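Examining the three-dimensional arrangement
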Protein chains: 2
Amino acid sequence: MPVIHYQHLLRLTHAMIAALGTPDDLAHMVAGSLVEANLRGHDSHGVLRLPWYARFVDDGRLLPAARPSLAEQRGATARIDGAFGWGQPAARLAAGTAVDLAAEYGIGLTIIERGNHIGRVGEYVGLIAEAGMVGMAWCNASPSVAPFGGRHRLMGTNPFAWAAPRGPGRAPLILDFATSIVAEGKLRVARAAGQSLDPGLILDAAGHPSQNADDFYAGGALVPFGLHKGSGLSVMIELLARAVAGVEHGATEYRGYNGTMLLAIAMSGVVDTDRYLEAAERFCAAVESSEPADGVPRVLLPGQPEEAIRAQRLVDGIPLAARTWDDIRALAADLRVHGV
Amino acid sequence: MPVIHYQHLLRLTHAMIAALGTPDDLAHMVAGSLVEANLRGHDSHGVLRLPWYARFVDDGRLLPAARPSLAEQRGATARIDGAFGWGQPAARLAAGTAVDLAAEYGIGLTIIERGNHIGRVGEYVGLIAEAGMVGMAWCNASPSVAPFGGRHRLMGTNPFAWAAPRGPGRAPLILDFATSIVAEGKLRVARAAGQSLDPGLILDAAGHPSQNADDFYAGGALVPFGLHKGSGLSVMIELLARAVAGVEHGATEYRGYNGTMLLAIAMSGVVDTDRYLEAAERFCAAVESSEPADGVPRVLLPGQPEEAIRAQRLVDGIPLAARTWDDIRALAADLRVHGV
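What you see is a predicted model; the values in this text were computed from it and never measured.

On to the overall build of chain A. On a plain count of helices and strands, chain A comes out with twelve helices and twelve strands. Over its C-alpha trace chain A gives a radius of gyration of 20 Å, about what one expects of a compact globule, namely 20 Å for 340 residues. Each principal axis of the C-alpha atoms in chain A carries an extent, and together these give about 55 × 50 × 45 Å. Taken over 340 residues, chain A has a buried fraction of 60%. Within chain A, contacts between residues at least 6 apart in sequence are counted, and of these 64% link residues at least 24 apart. Looking at chain A as shown, the accessible area adds up to about 12900 Å², and 51% of this sits on carbon and sulfur atoms. On chain A, the mean spot of the 29 positive side-chain charges and the mean spot of the 35 negative ones are 2 Å from each other.

Residue and element names in this part refer to chain A. The buried fraction of strand β6 (residues 160-164) amounts to five of the five residues, a majority that puts the element mostly inside the structure. Burial along β6 is two-sided: Phe 160, Trp 162 and Ala 164 facing one way and Ala 161 and Ala 163 facing the other are all buried. Examined bridge by bridge, strand β5 (residues 134-139) and β6 share four bridges and lie antiparallel to one another. Looking across to β6, one finds that Met 136 is bridged to Trp 162. Judged from the five bridges that link them, β6 and strand β7 (residues 173-177) form a sheet pairing that is antiparallel. Within the sheet, the bridge partner assigned to Phe 160 lies in β7 and is Phe 177.

Take the sheet that holds β5 of chain A next. All names here are of chain A. Ordered by their spatial adjacency, seven strands build an open sheet running β2-β3-β4-β11-β5-β6-β7, and the pairing between neighbours is mixed. Looking at strand neighbours, the two that pair on one side only are β2 (69-74) and β7, the edges of this open sheet. Strand after strand, the sheet turns through a mean of 15 degrees between neighbouring axes, direction not considered. Its contacts with the sheet place helix α5 (residues 122-130) against β5, β6, β7 and β11 (260-265), and it is angled at close to 20 degrees to β6.

Residues and elements named next belong to chain A. In terms of burial, α5 is largely enclosed, as seven of its nine residues are buried. Among the residues of α5, Gly 122, Glu 123, Tyr 124, Val 125, Gly 126, Ile 128 and Ala 129 are the ones counted as buried. Against α2 (24-39), α4 (87-105), β5, β6, β7 and β11 lie the buried residues of α5. Note on α5: the residue one or two positions beyond its end, Gly 132, has a positive phi of about 85 degrees.

A few words on the domain arrangement of chain A. Residues and elements named next belong to chain A. What the domain assignment reports for chain A is domain 1 (1-61 + 317-340) and domain 2 (66-180 + 224-268). In this assembly, 20 residues from domain 1 lie in contact with 17 residues from domain 2. Buried surface at the junction of domain 1 and domain 2, summed over both partners, amounts to about 1600 Å²; 60% is from carbon and sulfur atoms. On the domain 1 side of the interface with domain 2, the three residues burying the most area are Leu 26, Tyr 53 and Arg 61, jointly 34% of the side's total.

A few words on the sheet that holds strand β3 (residues 77-81) of chain B. Residues and elements named next belong to chain B. If you trace the seven strands from one edge of the open sheet to the other, you get β2-β3-β4-β11-β5-β6-β7, paired in mixed fashion. Edge positions in the sheet fall to β2 (69-74) and β7 (173-177), since each of these pairs with one other strand and no more. If you compare each strand with its neighbour and ignore which way they point, the axes differ by 15 degrees on average. Where β2 and β3 come together, five bridges link them in antiparallel fashion. Bridged to Leu 70 within β3 is Ile 80. Along the sheet face, helix α4 (residues 87-105) touches β2, β3, β4 (107-113) and β11 (260-265) and points at about 155 degrees away from the line of β4. This element, helix α5 (residues 122-130), spans β5 (134-139), β6 (160-164), β7 and β11 of the sheet and lies at about 20 degrees to β6.

Turning chain A through 180 degrees and shifting it by 0.0 Å along the axis lays it on chain B, with an RMSD of 0.0 Å. Both chain copies can therefore be described as sitting about a two-fold axis. Taking C-alpha positions as the reference, the residue of chain A nearest the rotation axis is Gly 226 of chain A, at 2.0 Å. Looking at chain A, 100% of its interface residues are interface residues in chain B too, so the copies touch through the same face.

All names here are of chain B. Of note, the phi angle at Ala 83 is positive, near 55 degrees, even though the residue is not glycine. Its place among the elements puts Ala 83 in the loop between β3 and α4. For Ala 83, a relative accessible area of 13% translates into the label buried. Unusually for a residue other than glycine, Arg 336 sits at a positive phi of about 60 degrees. When you line up the elements, Arg 336 lands in the segment after α12 (322-334). Classification of Arg 336 by relative accessible area gives exposed; the value is 68%.

On to the nonpolar core. Ranked by size, the top nonpolar core spans 104 residues in total, and within it Trp 162 and Tyr 276 of chain A together with Trp 162 and Tyr 276 of chain B carry the most contacts. Those residues in contact with Trp 162 of chain B that lie beyond four places of it in its chain are Trp 138, Leu 233, Met 236, Ile 237 and Leu 240 of chain A together with Val 125, Val 134, Gly 135, Met 136, Leu 173, Ile 174 and Leu 175 of chain B.

All right, on to helix α3 (residues 50-58) of chain A then. Residue and element names in this part refer to chain A. All buried positions along α3 are accounted for by Leu 50, Pro 51, Tyr 53, Ala 54, Phe 56 and Val 57. Contacts made by the buried residues of α3 are with α1 (6-19), α2, α4 and α12 (322-334). Phi turns positive one or two residues past the end of α3, at Gly 60, with a value near 80 degrees.

Moving on, we get to the environment of Arg 329 of chain A. Residues and elements named next belong to chain A. Position of Arg 329 relative to the elements: it lies in helix α12. A relative accessible area of 40% means that Arg 329 is categorised as partly exposed. For the pair formed by Arg 329 and Val 340, sequence separation is eleven residues and the distance between their alpha carbons is 6.8 Å.

Within this structure, the stated rule accounts for 21 aromatic pairs over all chains. Ring geometry for Phe 225 of chain A versus Phe 225 of chain B: centroids 5.4 Å apart, planes at 35 degrees, classification tilted. Placement of the pair is Phe 225 of chain A in the loop between β10 (221-222) and α8 (227-246) and Phe 225 of chain B in the loop between β10 (221-222) and α8 (227-246), with the two residues belonging to separate chains. Look at Phe 225 of chain B and you get buried, because its relative accessible area is 2%. Seen from their ring centres, Phe 160 of chain B and Trp 162 of chain B are 6.1 Å apart, and the 10 degrees between their planes marks the pair as stacked. In this structure Trp 162 of chain B comes out as buried when scored by relative accessible area, which is 0%. Ring pairs connect the aromatic residues Trp 138, Phe 160, Trp 162, Phe 177 and Phe 225 of chain A together with Trp 138, Phe 160, Trp 162, Phe 177 and Phe 225 of chain B, which therefore count as one cluster. We note Arg 49 of chain B situated over the ring of Trp 52 of chain B; from NZ or CZ to the ring centre the distance is 4.5 Å.

With that settled, consider the interface of chain A and chain B. Listed per partner, the contact involves 80 residues of chain A and 80 residues of chain B. Here chain A and chain B share an interface that buries about 6600 Å² over both sides, 74% of which is from carbon and sulfur atoms. Applying the counting criterion to the chain A and chain B interface returns four salt bridges. In this structure, the salt-bridge partner of Glu 291 of chain B is Arg 151 of chain A, at a minimum N-O distance of 3.5 Å. Connecting chain A to chain B are 20 residue pairs in polar contact (both at pLDDT 80 or more). Among the elements that take part in the side of chain A that touches chain B, α8 of chain A stands out by supplying 13 residues, more than any other. Of the residues contributing to the side of chain A that touches chain B, the split by class is 52 nonpolar, 16 polar and twelve charged.

About the criteria used
- What you see as residue numbers is a count from 1 along each chain, following the sequence as written.
- Following the order in which they are written, the chains are lettered starting with A and the ligands numbered starting with 1.
- With the structure being a predicted model, the display of local features is reserved for residues of pLDDT at least 70 and the display and counting of side-chain atom pairs for 80 or more, all residues being used for whole-chain, interface and lining totals.
- Hydrogen atoms and water are omitted, and side-chain values are computed over all heavy atoms in the structure.
- Each helix corresponds to a stretch of at least 4 residues labelled H or I by DSSP, and each strand to a stretch of at least 2 residues labelled E; elements are numbered beginning at the N terminus.
- In this setup the radius of gyration rests on C-alpha atoms only. A globule is expected at 2.2 Å times the number of residues raised to 0.38.
- Note on exposure labels: buried denotes an accessible area under 20% of the residue type's maximum, exposed denotes more than 50%, and partly exposed covers the range between, all computed with a 1.4 Å probe on protein chains only.
- Should any heavy atoms of two residues lie within 4.5 Å, those residues are considered in contact.
- Computed with a 1.4 Å probe, the accessible areas rest on the Shrake-Rupley method; for each residue, only the protein chains presented here act as cover.
- Note on charges: Lys and Arg go in the positive column, Asp and Glu in the negative column, and His and the chain ends are not counted at all.
- For charged residues, the charge sits on one atom: NZ in Lys, CZ in Arg, CG in Asp, CD in Glu.
- When DSSP finds two or more bridges between two strands, those strands count as paired.
- Axes here refer to lines fitted to C-alpha atoms; in helices the fit is confined to the stretch in contact. Angles between the N-to-C directions go from 0 to 180 degrees.
- For every domain, the bounds stem from an assignment made automatically or drawn from a database.
- The term buried area refers to how much accessible surface (probe radius 1.4 Å) is lost by two components on association, counted for both of them together.
- Least squares is used to superpose the copies, and the fit set is the C-alpha atoms of residues whose pLDDT is at least 70 in both copies.
- For this analysis, a nonpolar core means a set of buried residues of the types Ala, Val, Leu, Ile, Met, Phe, Trp, Tyr and Cys, connected via side-chain atoms within 4.5 Å.
- Note on ring pairs: Phe, Tyr and Trp rings are taken, using the six-membered ring of Trp, and paired if centres are within 6.5 Å. Classes follow the plane angle, with under 30 degrees stacked, over 60 edge-to-face and the rest tilted.
- Charges are assigned to positions over rings by a cutoff of 6 Å between ring centre and Lys NZ or Arg CZ, combined with an angular limit of 35 degrees from the ring normal.
- A side-chain nitrogen of Lys or Arg and a carboxyl oxygen of Asp or Glu constitute a salt bridge if their distance falls within 4 Å.
- Any N or O atom pair separated by 3.5 Å or less is treated as a polar contact, with the protein-specific requirement of one donor-capable and one acceptor-capable atom, and with residues adjacent in sequence counted only for side-chain atom pairs.
- For this classification, Asp, Glu, Lys and Arg are treated as charged, while Ala, Val, Leu, Ile, Met, Phe, Trp, Tyr, Cys and Pro are nonpolar and the rest, including Gly, are polar.

What follows is the structure, given as C-alpha cells:
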C-alpha cells in the first residue's frame, strides 16, 4: 500500500484541481479539504474523489471556476448560491455565514442551493465549533439506501454532523456519520479484496439480505444504521435536503445535486459560556475517565478516533489503496501534472 | 389487561393532576399530554407516569401550581423559565415561542431551564410542524445509558425528536426516539413477565452484556442504539442539555432536572413553501408506494405507526398493564378522586 506524505499529497492535489480549471484560492481550499479528510481517516471523502470530481468537471456538472456567493439573507437564515462550482468553498461560506448570523441572532441557518459534493461534512461543523458555537449539518446524496422495512434504494447515505466546542486547548467534539450502516467505500474495499461482507449491511436488487458487495452495485441497496431510528433520521434529512437541492431547478424533482443545511448555535445566547464549557468539560472528563468494556482500550468521545489517526498520519504519512493511487497518478498524467 | 376509553382516562387523569394542586388549565394540558402519549402507543410516557409525578410533587421537586414564563428573548433565541412546575406546559410554551421566533427570524431556538419531565417529546415538535415549520428537540434524562465501548451508565436515554409538515390534510411526520436501544419501559415489561431480554440491550453492574432485566436495576446500564453513531448522538445531546439544565442552579453539576432545547425552522425562510411541500409529498409518496421487505406489510414513514395505533385506540380504548391501572387506582384513592 503506497504511503504518501500529506504535504506531498496536498501539493499534488492542489496542482491537479488547479489543472482542472480552478482558481488558485479555491484549489487550495478544495485540496486542503480532501487531504484533511485523509488525515482524519475519512478516506472515502479524501483524494479518492479526485477522478470522480474530474468526471463532474468533464460532463459540466461541476463548474471549476464558479464562486459561491451569499444569495439572500432573511432574518437569521441565508441562502448560499453554490453556482454549481466546487462544494467545499460553498460549504465553508455557508458555515462562516451561519456563524455570522448566530453571532447576531444567537442562531443561524444556511442552505446551499445549486451545490455540488461538499466532501467531509464534519469539516464545516468543526469550523463552527472552532468559532465557539455548536454546529449541525445535514445533506442528502444520490439514492443508495433502502428505508427500514423497504426493499429498494430511496434515500442517500445522508450524513448528519454535529460539533460542539470544549474548553481552551481542546479539539472540539465532532460527530460525523452517514445514516447508512456502513459507508459505500467499505463495500468497494470488500469488493476489491474479494471478501464477503458482514451480515446486515446490504440488500440485493430483489431486496433480500446479501453479503456479496457486488449485489449492491447490481441494483441493491445499503441498509440504514440503527434500524427504524436511523432510517427515520435519514428520511427526515432526505426530506429537508431535497427541498433545498430543488430550489434552483424550478422543480421539485431531485436531480442529483446535494442539498445542504447548516446550523450554528451560539451557546452564549442561551446559557453562560463559561458554565457551558465547565459543564461540557465535566461530562467529557466523566466519559474519558470511565471504565471501558472488555477489550476496549478506552472510551472515546466523538472526533477522538479521528484526532488519533490524524496525529499518526501527520507523521507517518497517508496510506492509500494501490488502486486509488494508480487512479490519481493516471489522472495527474492526463492533466499534465508532474512530480507525482 | 384493563382497557380504558380515552375520554374516561382523560377525565380521571385531569382530576388526579388537579387534586395534586395544579390549576385547572395546566391540569388539562398535562392530562391531555399523558393520554395523547397513550393514544399513540408511547405508554412509557403516558398515564404510567402519574404515580411518579405524584412523588415529585410530594418531595417538592415538582411545584404543581408553578407557571412557566418567557424569561428572556435574545435575537432568535429565548429562555423559558420552567419554574420547577409541570414540564408539559413549559415545553408547549417553548414550542410556541420557537414558532413565534421562527416566524420573525426564519428560525427560532428555545431552551427550558428549571424544568421537569416534559413527557412525550414528539408532542412539541408536532406542534411546530402543525404550524407549518420543521421542529427538532433534544433533552437529557437521569443517567442510565453507557456510552459505546463503556461499562457504566453516564448518559440519559436522551430523546431526539424531529417533525416536518406534509401537504394539506396530511399528519406531519414525527420522528421521536430515545437514543438508548430500547426504552427502559421495555425492561419493566420483561421483568414483570419474568422474560429474558433479547441480547445486546443492557449491561450488568460489572459492565458485561446481560439478558436479565433485573441486572439493569441492580446498577447496570442500557446500551445506546446504533453502536458508535447512536452513542455519539446521545453524547452530543447530553452535552447541550446538561449545560441548559444547569443554568439556574448556579452550578455546572447535573442535578437531575432535564435540560431541553427546541428548534423551529420556517422552511418558507429558505425555500418556497409550495416547492418544499411538493418535494416532501413526492418523496413521501415514493416511500409509501415502495415495495416492502419480506414479511413487512408496508413501508412506513416516521409517525405513521403511532397514527395507526391512535386511530385504533380512539375507538377500542387504551389497554393498560394491570399493575399500571392498579397503581393509578391506588393513587386516585389517595387523592380522593372518585369515579375511577
